[in-house]
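# Per-entry structural report
Listed below, chain by chain, are the residues.
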Amino acid sequence: MRARELNWMQVEEYLARDDRIVLPLGSTEQHGYLSLETDNILAERVSVEAAEPLGLLVLPVLPYGLTPAFAAYPGSPSLRFETYAALLRDLLDSLDGQGFRRFLLVNGHGGNVPAAALVREWAMAHPDAQAIFHSWWSSERVQAAAREVDPEPSHANWFENFPWTRLAGVELPEGRKPALEEAAYRVADARGLRELLGDGVFAGAYALPDEQVEAVWRAGVEEVRELLESAWRR
């Protein structure tokens, strides 16, 4: 159930029978030829598809995250870590105060991963609640499914290229982009990173057949659903 499809009275009824809630975490940033909202779209969609059969509540995606490295690409705003951490803490505190006790934060952006420590810290300070930070795209299951399709799942390449992240009228290059120079990537500033990446895609194939990529998506959805069903302590 998406929050946008409910009113407060229906959420109150929901809380009378269930205390689980899903918060998708994204980032608005460059994804090569794909939508600037790729991380937002994927985090929210994987959450909704996973939660729907269980009848669980999914909040709107948090559309801004930690992406300072892409500052030279227009349309890629970033938050400071202290801002982001405070925002997540405020959201968890607020929702906990309303009666939610089991939180699954479904992350769709690599830059947000440091916030996992904040979520863990918050949970330790709230023994009556549980909070899980899950980066759906980087789990062992999803990465294994991806590498069965292609050895280079990466930022803005085929790995994030779904019908719902493509843009009408935008043609993707054919073939494969050469491997990223990891040593240069680690030390580049924002302008240098743009020079290194060019179009913003890290490496590998720009696109693969949808039926192949679908297997990767299904692995992600199934894993999030399993977390919602059985990852909680009793």
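Below or above, wherever it landed, is the structure these notes cover. (Residues numbered from 1 in each chain as written. Predicted model: local features only at pLDDT ≥ 70, side-chain atom pairs only at ≥ 80, totals over all residues. Heavy atoms only, no water.)

## Description of helix H8 (residues 210–230)
- Look at H8: 30 Å from first C-alpha to last across 21 residues, which is about the 30 Å you get at 1.5 Å a residue.
- Restricting attention to buried positions, one finds in H8 the residues Val213, Val216, Trp217, Ala219, Gly220, Val221, Glu223, Val224, Leu227 and Leu228.
- Along its buried surface, H8 packs onto strand S1 (20–25), helix H2 (38–51), strand S3 (102–107), strand S4 (130–135) and helix H5 (140–149). (Helix = DSSP H or I, 4+ residues; strand = E, 2+ residues; numbered from the N terminus. Expected span 1.5 Å × (residues − 1). Buried < 20%, exposed > 50% of the residue type's maximum accessible area, 1.4 Å probe, protein only. Contact = heavy atoms within 4.5 Å.)

## Observations concerning the pairing of S4
- Most of S4 is tucked away: five of the six residues are buried.
- As paired strands, S3 and S4 are joined by six bridges and run parallel to one another. Paired with Leu104 across the two strands is Ile132, which belongs to S4.
- Handedness of the crossover joining S3 and S4 through helix H4 (residues 115–124) is recorded here as right-handed. (Pairing = 2+ DSSP bridges. Right-handed = clockwise from strand over helix to strand, strands pointing away.)

## Re the packing of aromatic side chains
- Summed over all chains, the structure comprises ten aromatic pairs.
- With centroids separated by 5.9 Å and ring planes inclined at 70°, the aromatic side chains of Tyr33 and Tyr206 adopt a geometry described as edge-to-face. Taken as a pair, Tyr33 in the loop between S1 and H2 and Tyr206 in the loop between strand S6 (204–205) and H8 lie far apart in primary sequence, 173 residues in all.
- For Tyr33, a relative accessible area of 28% puts it in the partly exposed group.
- Residue classification places Tyr206 among the buried residues on the basis of a relative accessible area of 8%. (Phe/Tyr/Trp six-rings, centres within 6.5 Å; stacked < 30°, edge-to-face > 60°.)

## Comments concerning the sheet that holds S3
- In space, the four strands of this open sheet follow the order S2-S1-S3-S4, with parallel pairing throughout. Looking along the sheet, the strands with just one partner apiece sit at the ends: strand S2 (57–58) and S4.
- Packing against the sheet, H8 makes contact with S1, S3 and S4, and its axis sits at approximately 165° to S3. (Axes fitted to C-alpha atoms, helices over the stretch in contact; angles between N-to-C directions.)

Function cannot be inferred from these measures alone, as they are strictly geometric.
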